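Observations on the three-dimensional arrangement
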Number of protein chains: 2
Amino acid sequence: MMQDITIGQLARETGCKIPTIRYYEQIGLLPQPRRTAGNTRRYEANHVARLGFIQHCRELGFAQNAIRELLALTDQPDEPCEAVTKIAETRLADVKRRLARLEALKSELERMIGTCAGGRVKQCRIIEALAH
Amino acid sequence: MMQDITIGQLARETGCKIPTIRYYEQIGLLPQPRRTAGNTRRYEANHVARLGFIQHCRELGFAQNAIRELLALTDQPDEPCEAVTKIAETRLADVKRRLARLEALKSELERMIGTCAGGRVKQCRIIEALAH
DNA sequence: CCTTGCATCTCTAGTCACTATAGATGCTAC
DNA sequence: GTAGCATCTATAGTGACTAGAGATGCAAGG
């Protein structure tokens, strides 16, 4: 397959380090790619998307278990609707909580930047914005 | 000070484990509290808010360095406006990126839950929603 | 007072998710 | 075919906790 790429190309395309890619394969987040006769990994297009997804999830602070659940939604599209919906709803609730907190933080950062005209910041309520 | 609380009470109020609280103190995220004559820690109200803030930041996947920057905005309210604004703007850009990704994920989860009426999920585009 | 017992203390070691290094082998281009 | 960078496996190290061991603190009952 000519369009298959090496682990180095995959790393460059996604910004993910090579050992991390192998680590994700080891713990089962990335499926094992095919190998050449000389035992080097060859990745296909779907690996690029999947790795990008995993990276964004990690950046957003999702637990490994949550990432597995989300990937399971892709891996088992023939699962009964109920099961998939239940997982999706749990994840959605989590996503909504995160959105609310980020919005609060965003508002406070914007307020700080906006009211900074005088020369000194009067007060910072970042902690209060996120402490609940 | 009667309103001071022990590390155990702080742990219960914030849901943070006791060794983690001591760890945050060790790495300088939480200020050292005063001690009793017998050397046990006594926390004040501001510690509760600050620890809650740190926890939410960790859950949202902020790097330790980012958390330090955000806390610095609180710790140095007398800093010149420019410096504070610069930090706040950097953090704000980061927060906005996260918000955009979470919104994309939210939309896709909602679409999946919504179109699931038939009995099987037709297709899952979660990966595409977050792969970019 | 003094004990009983749970809470804290410090210190060391273990876990999880990477990340870096070492030494061997693969692959492409002269 | 060989120079040289890429990839391979395997092991060790880092950052951020997390769990234990053994010693001391401290409120409550006798």
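Note: the structure precedes this text.
Everything numeric here is computed off the predicted structure, so don't read it as measured data.

A few points about the protein's contact with DNA strand D
- In the region of DNA strand D, 18 residues are neighbours, and Thr6, Arg22 and Arg41 of chain A together with Thr36 and Gln64 of chain B sit closest.
- Sugar plus phosphate: this is where 91% of the atoms of DNA strand D within 4 Å of the protein reside.
- Contact distances for DNA strand D include 2.7 Å between a phosphate oxygen and a side-chain N or O atom of threonine 6 of chain A.
- Glutamine 64 of chain B has a polar side-chain atom sitting 2.6 Å from a phosphate oxygen of DNA strand D.
- Those elements that provide at least two residues to the surface near DNA strand D are α1 (7-14) and α2 (18-26) of chain A together with α2 (18-26) of chain B.
- Considering each element in turn, the surface near DNA strand D owes the most residues, 3 residues, to α2 of chain B.
- Of the residues assigned to the surface near DNA strand D, the class counts are 4 nonpolar, 9 polar and 5 charged.

Observations concerning α1 of chain A
All names here are of chain A.
- Of all the positions in α1, only Ile7, Gly8, Leu10, Ala11 and Thr14 are classed as buried. Buried residues of α1, viewed axially, fall in a sector of 160°; they line one side. Seen from the buried face of α1, the exposed residues on the opposite side, beyond 90 degrees, are Arg12 and Glu13.
- Where α1 is buried, its residues contact α2, β2 (41-42) and α3 (45-59).
- Positive backbone phi, approximately 75°, marks glycine 15, located one or two places after α1.

So, the protein's contact with DNA strand C
- Near DNA strand C, the surroundings consist of 17 residues, among which Gln64 of chain A together with Thr6, Gly8, Arg22 and Arg41 of chain B are the closest.
- Sugar and phosphate atoms form 91% of the subset of DNA strand C atoms that lie within 4 Å of the protein.
- Between DNA strand C and threonine 6 of chain B there is a distance of 2.7 Å, counted from a phosphate oxygen to a side-chain nitrogen or oxygen.
- Backbone polar atom of glycine 8 of chain B to a phosphate oxygen of DNA strand C: 2.9 Å apart, as the coordinates give it.

So, how was this worked out
Residues numbered from 1 in each chain as written. Chains lettered and ligands numbered in written order. Predicted model: local features only at pLDDT ≥ 70, side-chain atom pairs only at ≥ 80, totals over all residues. Heavy atoms only, no water. Near = heavy atom within 4 Å. Polar contact = N/O pair within 3.5 Å; in protein donor to acceptor, adjacent residues only side chain to side chain. Helix = DSSP H or I, 4+ residues; strand = E, 2+ residues; numbered from the N terminus. Nonpolar A, V, L, I, M, F, W, Y, C, P; charged D, E, K, R; others polar. Buried < 20%, exposed > 50% of the residue type's maximum accessible area, 1.4 Å probe, protein only. Arc of directions from axis to C-beta. Contact = heavy atoms within 4.5 Å.

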